[in-house]
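Each chain is listed here by its residues.
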Amino acid sequence: MCMGYLLVVAIFVILVILVIFVLSTTMLLVGSVLGLLFSITTFQGALITILVALGALLAFVLGYVGRIGEDVSHALASLQEEDGEEEEEENEENEEYPPLRLAPDRREGKPVSRNAPCPCGSGKKYKRCCLGREGFPEE
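Residues numbered from 1 in each chain as written. Predicted model: local features only at pLDDT ≥ 70, side-chain atom pairs only at ≥ 80, totals over all residues. Heavy atoms only, no water.

The number of helices and strands found in the protein chain is two helices and zero strands. When burial is assessed residue by residue, the protein chain has 9% of its 139 residues classed as buried. For the protein chain, restricting intrachain contacts to residue pairs at least 6 apart in sequence, the fraction spanning at least 24 positions comes to 24%. Total accessible area on the protein chain stands at roughly 11900 Å², and carbon and sulfur atoms take up 65% of it. (Helix = DSSP H or I, 4+ residues; strand = E, 2+ residues; numbered from the N terminus. Buried < 20%, exposed > 50% of the residue type's maximum accessible area, 1.4 Å probe, protein only. Contact = heavy atoms within 4.5 Å. Areas by Shrake-Rupley, 256 points an atom, 1.4 Å probe, with all protein chains shown as cover.)

Right, let's get into the environment of cysteine 129. On the secondary structure map, cysteine 129 appears in the segment after helix 2 (42–93). Its relative accessible area of 18% is what places cysteine 129 among the buried residues. In this structure, the C-alpha to C-alpha distance between cysteine 129 and proline 117, residues 12 residues apart in sequence, is 9.1 Å. Discounting chain neighbours no more than four positions away, the residues touching cysteine 129 are Cys118, Cys120, Ser122 and Lys124.

In globular proteins that are soluble, nonpolar side chains generally tend to be buried together. Within the largest apolar cluster, six residues are counted, these being Val112, Cys118, Cys120, Tyr126, Cys129 and Cys130. Excluding its chain neighbours within four sequence positions, the residues that come into contact with cysteine 118 are Lys124, Lys125, Tyr126, Cys129 and Cys130. (Core = buried A, V, L, I, M, F, W, Y, C linked by side-chain atoms within 4.5 Å.)

Turning to a positive patch on the surface, a few remarks are in order. On the surface, Arg114, Lys125, Lys127 and Arg128 cluster together into a patch of positive charge. With respect to the helices, strands and loops of the structure, lysine 125 is situated in the segment after helix 2. (Patch = residues over 30% accessible without salt bridge, like charges linked within 9 Å, V, L, I, M, F, W, Y side chains within 5 Å. Salt bridge = Lys/Arg side-chain N within 4 Å of Asp/Glu carboxyl O. Lys, Arg positive; Asp, Glu negative; His and termini not counted. Charge placed at Lys NZ, Arg CZ, Asp CG, Glu CD.)

Moving on, we get to the state of the cysteines. A complete count under the given rule lists zero disulfides for this structure. There is no disulfide at cysteine 118, and the cysteine sulfur nearest it, in cysteine 130, is 3.5 Å away. Free cysteine cysteine 129: the closest other cysteine sulfur is in cysteine 130, separated by 3.5 Å. (Disulfide = S-S within 2.5 Å.)

We now examine the side chain of threonine 49. Assignment of secondary structure puts threonine 49 in helix 2. Owing to a relative accessible area of 14%, threonine 49 belongs among the buried residues under this scheme. For threonine 49, the side chain forms a polar contact with the main-chain oxygen of glycine 45, separated by 2.8 Å. Non-local contacts of threonine 49, meaning those with residues more than four positions away in its chain, are made with Met27, Val30, Gly31 and Leu34. (Polar contact = N/O pair within 3.5 Å; in protein donor to acceptor, adjacent residues only side chain to side chain.)

Right under this line is the structure:
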């Protein structure tokens, strides 16, 4: 069983070495062609080829990442639309129950009696709801 793994690793190493050899040979050939066309050495031409290849690879990766970003933004936008639709459905279902008020409305005018219904709309007596809170006059 161990021999099988060693064989796979050996084949993988040989393939990597072969790919490196082919790429370096290609770079040198392109560099020599550039050296014939322009007044540069083969090494300089190979460096230019490497830089161009890395630039193309970088452009591809950035383009791919950009597409992923667009896909994510579209997915988030659709999730927000779905959330909005769910909130509208919940609001339609809960129309008979008005939303709770967090702060009472300020009231101007004559004071409210302790036993009168609270002006905030809770349905409780004023003395058990908003008596003593800021914004509501006491008797």
